[in-house]
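Tertiary structure, described
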Amino acid sequence: LISLFLIYFLALFSGIYSSTIHNTKKERALSLFLFVLYSLPSFWIANLLILFLTGGDFLNLFPSQYLHAPDADSYSAFKYFLDWIWHLVLPVFTLTYGGLAYLSRQMKVSMLEALNQDYIRTAKAKGMPQQRVVYGHALRNALIPMVTLLGGLLPSLLGGSIIVEEIFTINGMGKLSFEAIMNRDYPVINAIAFLSAFLTLAGILLSDILYVLVDPRIKLVKTKL
C-alpha cells in the first residue's frame with residue numbers, strides 16, 4: 001500500500017513536469033533515467049541494496065531482514081514505529097521504482113494529449129497562467145487513464161511480491177500464497193482467490209466513482225433492469 005501511494009504520488013508529478021518541458025534536454029534526461037529504472041530487475045536491485053547498504057564491507061545504514069529488530073518488543077510505541085519504517089525503506093524502494101517509471105510515462109503521454117486539446121489552446125490564448133492551465137484544466141482529463149490503472153492495482157496488494165519478500169525475509173501475502181499452493185492448503189488458496197475476486201470488483205467500483213470526481217462530464221445515473 002505504501003509503495004502504491006508513492007508510485008502514484010511521484011508518477012503524477014514527474015509525468016506533469018515531463019509534459020511541461022517536452023522535447024527539452026531536461027525531459028530527455030528524465031526519460032532516459034526512468035527508462036533505465038524500468039529496465040532494472042527488482043531481484044538484482046534488492047540484492048545490490050543489501051550488499052551495499054546493510055553492512056559487510058560497505059555502508060551499514062539499513063537492516064536487511066524482517067520488518068522489526070529482534071528486540072523490538074521492548075521498544076516504546078514511537079521507537080517501534082520508527083523501527084518498522086526503517087525496515088521498510090529498502091523493500092518499499094524495490095517495489096516502487098519500476099512502477100514509478102511505468103506510470104510516469106503513462107501520465108506524461110496523457111498530459112501531452114490533454115495539453116494539445118482545443119480548450120487548452122483557448123485558455124492559453126486568453127492569457128491564463130501556465131500553472132492554472134496545467135493543474136486547473138488539463139490535469140483532470142489526464143487523470144482518467146491513471147484512474148483506470150488504479151482499479152486493477154488493488155488485487156496486486158493481496159498478491160504481494162514473493163521475490164522481494166523472499167529476499168528481505170518478510171512474511172507477506174506473496175509468500176503465504178506460494179506456500180499455500182506448494183502445501184496444497186486449499187482453505188487458504190480459496191480464501192486468497194475469494195479476496196482477489198472481491199478486490200478486483202472493488203477496484204472497478206472505485207474507478208467508476210473516481211471517474212465522476214475527476215471528470216465532471218461523467219455522471220452516475222440509475223438504470224432500470
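Throughout what follows, the structure given in this document is the object of discussion. (Residues numbered from 1 in each chain as written. Predicted model: local features only at pLDDT ≥ 70, side-chain atom pairs only at ≥ 80, totals over all residues. Heavy atoms only, no water.)

1. Examining the overall build of the protein
Defined as follows: Starting at the N terminus, helices and strands are each numbered in turn, a helix being any DSSP run of H or I of at least four residues and a strand any DSSP run of E of at least two. With a 1.4 Å probe rolled over the protein chains alone, any residue whose accessible area is under 20% of its type maximum counts as buried; one over 50% counts as exposed, and the rest are partly exposed. Whether two residues touch is decided by their heavy atoms; if any such pair falls within 4.5 Å, the residues are in contact. In short, Shrake-Rupley with a 1.4 Å probe defines the accessible areas, and a residue's cover is counted only from the protein chains shown. By the counting scheme adopted, Arg and Lys are positive, Glu and Asp are negative, and His together with the chain ends is not counted. By convention, the point assigned to a charge is CZ for Arg, NZ for Lys, CD for Glu and CG for Asp.
Counting secondary structure elements, the protein contains ten helices and zero strands. Moving toward the C terminus, one meets the helices and strands of the protein in the order α-α-α-α-α-α-α-α-α-α. A buried classification covers 33% of the 225 residues belonging to the protein. Here the contacts in the protein between residues at least 6 apart in sequence split such that 66% fall between residues at least 24 apart. Summing over all exposed atoms, the protein offers an accessible surface of approximately 14400 Å²; the carbon and sulfur share of this is 68%. A distance of 20 Å separates the average location of the 17 positive side-chain charges in the protein from that of its 13 negative side-chain charges.

2. With respect to a nonpolar patch on the surface
Using the following cut-off: A residue counts toward a patch only above 30% relative accessible area and without a salt bridge, and it is joined to like-charged neighbours within 9 Å or, for Val, Leu, Ile, Met, Phe, Trp and Tyr, to nonpolar neighbours within 5 Å. Salt bridges, as used here, are contacts in which a Lys or Arg side-chain nitrogen is within 4 Å of a carboxyl oxygen on Asp or Glu.
A cluster of nonpolar side chains, contributed by Phe43, Trp44, Ile162, Ile163, Phe178 and Met182, occupies part of the molecular surface with about 600 Å² of accessible area. Those elements giving two or more residues to the nonpolar patch turn out to be helix H3 (42-53), helix H8 (162-167) and helix H9 (173-182). Inspection of the secondary structure assignment puts isoleucine 163 in helix H8.

3. Regarding the nonpolar core
Heads up, the rule is: To qualify as a nonpolar core, a set must consist of buried Ala, Val, Leu, Ile, Met, Phe, Trp, Tyr and Cys residues joined through side-chain atoms within 4.5 Å.
Ranked by internal contacts, the top residues of the largest apolar core, which has 22 residues, are Ile16, Leu103, Met107, Met111, Leu115, Ala138 and Leu139. Elements supplying a minimum of two residues to this core: helix H1 (2-20), helix H4 (77-115), helix H5 (118-125), helix H6 (130-151) and helix H10 (186-214). The biggest single contributor to this core is H6, with eight residues. Contact partners of leucine 139, with chain neighbours within four places excluded, come to Ile16, Met107, Met111 and Val134. Leu49, Leu90, Tyr97 and Phe168 belong to the second largest nonpolar core, which has 13 residues in total.

4. Some remarks on the packing of H1 against H6
Where we set the bar: To define axes, lines are fitted to C-alpha atoms, for helices over the stretch in contact only, and angles between the resulting N-to-C directions are given on a 0 to 180 degree scale. When describing relative orientation, an angle under 35 degrees is termed roughly parallel and one over 145 degrees roughly antiparallel, while 65 to 115 degrees is termed roughly perpendicular and anything else oblique. Whether a crossing is left-handed or right-handed is set by the direction in which the near helix is turned from the far one by less than a right angle, anticlockwise for left-handed and clockwise for right-handed. Charged residues are taken to be Asp, Glu, Lys and Arg, nonpolar residues to be Ala, Val, Leu, Ile, Met, Phe, Trp, Tyr, Cys and Pro, and polar residues to be all remaining types, Gly included.
Two numbers describe how H1 lies on H6: the axes approach to 11 Å, and their chain directions differ by 130 degrees. On the basis of the axis angle, H1 is oblique to H6. Every pair of crossing elements has a handedness; the one defined by H1 and H6 is right-handed. Packed against H1, whose contacting residues are Tyr8, Leu12, Ile16 and Thr20, the element H6 presents Gln130, Val134, Tyr135, Leu139, Leu143, Met146, Leu149 and Leu150 at the interface. Of the residues in the contact of H1 with H6, the class split is ten nonpolar, two polar and no charged.

5. Some points on the packing of helix H2 (residues 25-39) against H4
Where H2 contacts H4, the two axes come as close as 8 Å, and the packing angle between them is 140 degrees. With respect to H4, the element H2 is oriented oblique. Like other packed secondary-structure pairs, H2 and H4 cross with a definite hand, here left-handed. Contacts between H2 and H4 involve Glu27, Ser31, Leu34, Leu37 and Tyr38 on the former and, on the latter, Tyr97, Gly98, Ala101, Tyr102, Ser104, Arg105 and Lys108. Grouping the constituent residues of the contact of H2 with H4 by class yields six nonpolar, three polar and three charged.

6. So, the packing of aromatic side chains
Selection criterion: Any Phe, Tyr or Trp ring, taking Trp's six-membered ring, that has another such ring centre within 6.5 Å forms a pair; planes under 30 degrees apart are called stacked, those over 60 apart edge-to-face, and the others tilted. Here, a charge over a ring is recorded when the distance from Lys NZ or Arg CZ to the ring centre is within 6 Å and its angle to the ring normal is within 35 degrees.
What the rule picks out here adds up to seven aromatic pairs. Ring geometry for phenylalanine 5 and phenylalanine 9: centres 6.0 Å apart, planes at 15 degrees, overall stacked. Separated by four residues within a single helix, phenylalanine 5 and phenylalanine 9 lie in helix H1, roughly one turn from each other. On the basis of relative accessible area, phenylalanine 5 is assigned to the exposed category, the value being 57%. Consider the rings of tyrosine 38 and tyrosine 102, whose centres lie 6.2 Å apart with planes at 25 degrees: the pair is stacked. Within this pair, whereas tyrosine 38 is found in helix H2, its partner tyrosine 102 is found in helix H4, the two being separated by 64 residues in sequence. Here tyrosine 102 falls in the partly exposed class, since its relative accessible area comes to 36%. Among the aromatic side chains, those forming a connected cluster through ring pairs are Phe5, Phe9 and Phe13. Over the aromatic face of tyrosine 75 sits the side chain of lysine 79, whose NZ or CZ is 4.3 Å from the ring centroid.

7. Comments concerning the side chain of lysine 175
Structurally, lysine 175 is set in helix H9. Within the buried core, lysine 175 has no salt-bridge partner, and the shortest N-O distance to an opposite charge, that of glutamate 166, equals 4.3 Å. With sequence-adjacent residues up to four places away left out, lysine 175 is seen in contact with Ile162, Glu165, Glu166 and Ile170.

8. Things to note about the environment of aspartate 118
Test applied: Between N or O atoms, a polar contact is any pair within 3.5 Å; within protein, one atom must be a potential hydrogen donor and the other a potential acceptor, and residues adjacent in sequence are included only when both atoms are from side chains.
Examined against the element boundaries, aspartate 118 turns out to sit in helix H5. Using a relative accessible area of 55% as the deciding quantity, one classes aspartate 118 as exposed. In terms of polar contacts, aspartate 118 uses its side chain to reach the side chain of arginine 121, at 2.7 Å.

No statement about biological role is implied by the geometric values presented.
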